[in-house]
Amino acid sequence: MPLNYDSFKEGDALPELKKAPGVTQLVKYAAGGGDFNPLHHDFAFPQSKALGSIIIHGRFKYAALGELVSNWLDHGGRIRKLSCQYRGMDLPEAEMTLGGTVKRKWEENGEKLAELDLYVNNAKGKNTTPGTAIVVLNG
Amino acid sequence: MTENPTIPDGPPATQRNFQDRVIGALMLDATVFEEVEHDESSMGQAAAVVAIAAVAGGIGALGAGGGLTSLIGGVLLAGLAWVIGAAIVWLVGVQMMGHSSDLPQLLRTLGFASAPGVLRILGIIPLLGWIAVLAAAILSLIAWVIAVRQGASGSLPPLGSPGCGRIRRPTRRPREGHPPRVPEGNGGTMAEKIDITDEMQAAVGVESPPWTYEVTTTSVRAFARGVGYTDRVYFDEAAAKAAGYPSLPCPPTYLGTPVFIPGESNDTFSGPKNSGPGVKHGLKNVLDGGTETEYFGDICAGDTLTVSSKVSDLTIRESKTTGQMLIVTNETTFVNQDGTVVAKQRGQGLFY
């Protein structure tokens, strides 16, 4: 069901999204997104060796935050703005929990808007990739 | 398509105290204005800066025959000018030009822009005082410009974002086997003093040659599959049409795939090699600060986007763990086949 402006309120939580991409998933993301930095798929790459592992693309997490919001909207609206900050590395196979809350909702110039606070929590509960979004609801 | 993969435990938060902020504003450090823009509790400080500068001006004018009355009057006038100035910028910038900002943000940044006014206290020096007053006036004007830019642009997160993988590579790459160090605690590499040279500044605002990015049903599916979507709308054209799109819509953050031409494209990050003049800073280490995408229209399979990017800002920030950092903000603009700007993406590379 597409999301409706009247069906949520400030403070509501978005349904969480769990992700634990392995190497193969990251290779698929590299193919789709175009970032073939070996740090995201090659354990023999010097930088991966130095870190002890490959790491998840920052942009993978950014896109996953987009998926979180897209799932919530269910095409009942559009994303106007989406941002995130890369504050910590995430490793393949480790479970990340993506979620968010409705920070505020308001109407402006005939548009129904909502602002979201987003997070990507690692297995220890640390938010490695805080984000925000502004969405416009269709109705 | 982050060009820099090394994403350690984040750029450390830097929050200055009042004194450092005033000194920073006096030195025209744009990060101070950015900081107070986001610090809602700094309104009192901003008012204090206005008052201090006005008192300094009043004292400076004592030598020129000003008295206590003109001093008090000067403080009141400065306060009035501050509020009216911010209101005008807000009216013009936000209401007329559509920037996203609010009046309190502008009041805070413009309040701190009064900081160079404290130099007017030197006006009390006989004969030479006028030089200080003139310098204060010029510095104030520059501070105002920085403050307005900061306060009225206002949409980037404090530590934001890479523009479509166009973050400039450091000109000297880390040697193999010596990856950028991860700043954790106090163990990071301390950067040498960073100066923004004229050559670096000259690269700001220069648009790269345009490059074509394609959005096809196959490319949309490849991206959606890479992220792990299960929503049929990004895979099945019938489902997309039922949801109200002309074709498969781009999943959020996907802004098309740059056309790949061997020799002309970056083999690792897939974007065009010629993405405008680079910022030649010589710093070895780079972190990806974050990404922001702003949408102005739908992007669907079948669209062809013309993409250009530019360095939109250079800022130096003090960080406790890495010393000085150069923050390079890139802005990439996506125009569709109808000439509509459908998206802008901003990214921040943190070099140290």
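A few points on the structure. Here the residue numbering is sequential within each chain, running from 1 through the sequence in written order. Labels are handed out in written order, letters beginning with A for the chains and numbers beginning with 1 for the ligands. In keeping with the predicted nature of the model, local features appear solely for residues at pLDDT of at least 70, side-chain atom pairs appear and are counted solely at 80 or more, and the whole-chain, interface and lining totals rest on all residues. Just so you know, side-chain values use all the structure's heavy atoms and leave hydrogens and water out.

The next subject is the overall build of chain B. Secondary structure elements are defined from DSSP: runs of H or I of at least 4 residues count as helices, runs of E of at least 2 residues count as strands, and each element is numbered from the N terminus. The helix and strand inventory of chain B stands at nine helices and six strands. Only protein chains enter the area calculation, which uses a 1.4 Å probe; residues under 20% of their type maximum are buried, those over 50% are exposed, and those in between are partly exposed. Taken across its 352 residues, chain B has 50% of its residues classed as buried. Residue contacts follow a heavy-atom distance rule, with two residues in contact if any of their heavy atoms lie within 4.5 Å. Within chain B, residue pairs in contact and separated by at least 24 positions form 75% of the contacts whose partners lie at least 6 positions apart. Accessible areas in this description were obtained via Shrake-Rupley with a 1.4 Å probe; residue shielding takes into account the shown protein chains only. Total accessible area on chain B is roughly 15400 Å²; 62% of this is exposed by carbon and sulfur atoms.

Before going further, it helps to spend a moment on the overall build of chain A. Looking only at helices and strands, one finds three helices and five strands in chain A. Reading the secondary structure of chain A in the N-to-C direction produces β-α-α-α-β-β-β-β. Counting only contacts in chain A whose residues sit at least 6 apart along the sequence, the fraction spanning at least 24 positions is 67%. When the accessible surface of chain A is summed, it comes to about 5700 Å², and 51% of that surface belongs to carbon and sulfur atoms.

So, about the sheet that holds strand β2 (residues 77-85) of chain A. Paired strands, as defined in this entry, are two strands with at least two bridges between them according to DSSP. Spatial ordering of the open sheet is given by β1(A)-β3(A)-β4(A)-β5(A)-β2(A)-β3(B)-β6(B)-β5(B)-β4(B)-β1(B)-β2(B), a layout of eleven strands whose pairing is antiparallel. Lying at the two open borders of the sheet, with one neighbouring strand each, are β1 (17-19) of chain A together with β2 (257-258) of chain B. Sheet topology places strand β4 (residues 304-319) of chain B next to strand β5 (residues 323-335) of chain B; 13 bridges connect them, and they run antiparallel. In the strand pairing of β5 of chain B, Leu 314 of chain B is matched with Val 328 of chain B. Note on method: axes are straight lines fitted to C-alpha atoms, helices fitted across the in-contact stretch only, with angles between N-to-C directions ranging 0 to 180 degrees. The strands touched by helix α3 (residues 58-73) of chain A are β1, β2, β3 (96-108), β4 (111-121) and β5 (131-137) of chain A together with β3 (286-295) and β6 (341-351) of chain B; relative to β2 of chain A, the strand with the most contacts, the crossing angle is about 150°.

What follows concerns the environment of Gly 60 of chain B. Inspection of the secondary structure assignment puts Gly 60 of chain B in helix α3 (residues 43-62). Apart from the residues lying within four places of it in its own chain, the contact partners of Gly 60 of chain B are Arg 120, Ile 121, Gly 123 and Ile 124 of chain B.

Here we take up unusual backbone geometry. Despite not being glycine, Asn 109 of chain A has its phi angle at roughly 50°, a positive value. Here Asn 109 of chain A is to be found in the loop between β3 and β4. For Asn 109 of chain A, a relative accessible area of 74% corresponds to the exposed category. Residue Ser 270 of chain B is not a glycine yet carries a positive backbone phi of 75°. Its location among the elements puts Ser 270 of chain B in the loop between β2 and β3.

Moving on to the nonpolar core. Each nonpolar core is a collection of buried residues, namely Ala, Val, Leu, Ile, Met, Phe, Trp, Tyr and Cys, held together in the definition by side-chain atoms within 4.5 Å. Among the nonpolar cores identified, the biggest contains 58 residues, and Trp 72, Leu 116, Leu 118 and Val 135 of chain A together with Ile 299 of chain B are the most heavily contacted of them. Per-element tally for this core: the top contributor is α3 of chain A, with nine residues. With 20 residues, the next largest nonpolar core counts Phe 33, Trp 82, Ala 143 and Ala 147 of chain B among its residues.

Right, let's talk about the pairing of β4 of chain A for a bit. It is a general feature of regular strands that their side chains alternate between the two faces of the sheet. Residue and element names in this part refer to chain A. Of the pairings in the sheet, the one linking β3 to β4 comprises eleven bridges and is antiparallel in character. Bridge pairing in β4 places Gly 100 opposite Leu 118. The turn joining β3 and β4, which pair antiparallel and follow one another in sequence, is formed by two residues; a positive phi near 50° is taken by Asn 109. Relative to β5, β4 is paired through seven bridges, and the arrangement is antiparallel. Within the sheet, the bridge partner assigned to Leu 118 lies in β5 and is Gly 131.

Within helix α2 (residues 30-38) of chain B, seven of the nine residues are buried, which leaves it mostly tucked inside the rest of the structure. The complete set of buried residues in α2 of chain B reads Thr 31, Val 32, Phe 33, Glu 34, Glu 35, Val 36 and Glu 37 of chain B.

All names here are of chain B. At a closest axis distance of 7 Å, the pairing of helix α1 (residues 18-26) and α2 adopts a crossing angle of 130°. Classified by the angle between their axes, α1 and α2 sit oblique to one another. Between α1 and α2 lies a crossing of left-handed hand. The segment α1 lies against α2, with Arg 21, Gly 24 and Ala 25 engaging Val 32, Phe 33, Glu 35 and Val 36. Looking at the contact of α1 with α2, its residues break down into four nonpolar, one polar and two charged. When an angle is under 35 degrees it counts as roughly parallel; over 145 it counts as roughly antiparallel; between 65 and 115 it counts as roughly perpendicular; any other value is oblique. Should the near helix be turned counterclockwise from the far one by less than a right angle, the crossing is left-handed, whereas a clockwise turn marks it as right-handed. Polar here means any residue other than Ala, Val, Leu, Ile, Met, Phe, Trp, Tyr, Cys and Pro, which are nonpolar, and Asp, Glu, Lys and Arg, which are charged; Gly is therefore polar.

All names here are of chain A. Turning to its location among the elements, Val 136 is positioned in strand β5. Between the C-alpha atom of Val 136 and that of Leu 73, which follows or precedes it by 63 residues, the distance is 9.5 Å. Apart from residues lying up to four places away in sequence, Val 136 is in contact with Gly 77, Arg 78, Arg 80, Glu 111, Lys 112 and Leu 113.

We now examine the packing of aromatic side chains. Pairs of aromatic rings are described using the distance from one ring centre to the other and the angle between the two planes. Stacked, tilted and edge-to-face are the three classes assigned to paired rings of Phe, Tyr and Trp, where Trp is represented by its six-membered ring and a pair needs centres within 6.5 Å; plane angles under 30 degrees give stacked, over 60 edge-to-face, the rest tilted. Applying the stated criterion across every chain, the model contains eight aromatic pairs over all chains. For the ring pair Tyr 29 of chain A and Phe 223 of chain B, a centre distance of 5.7 Å and an interplane angle of 65° mean the geometry is edge-to-face. With one member in each of two chains, Tyr 29 of chain A in helix α1 (residues 23-33) and Phe 223 of chain B in helix α8 (residues 217-227) form a pair that bridges those chains. According to the relative accessible area criterion, Tyr 29 of chain A is buried, its value standing at 3%.

Treat this as a map of the structure, not an account of what it does.
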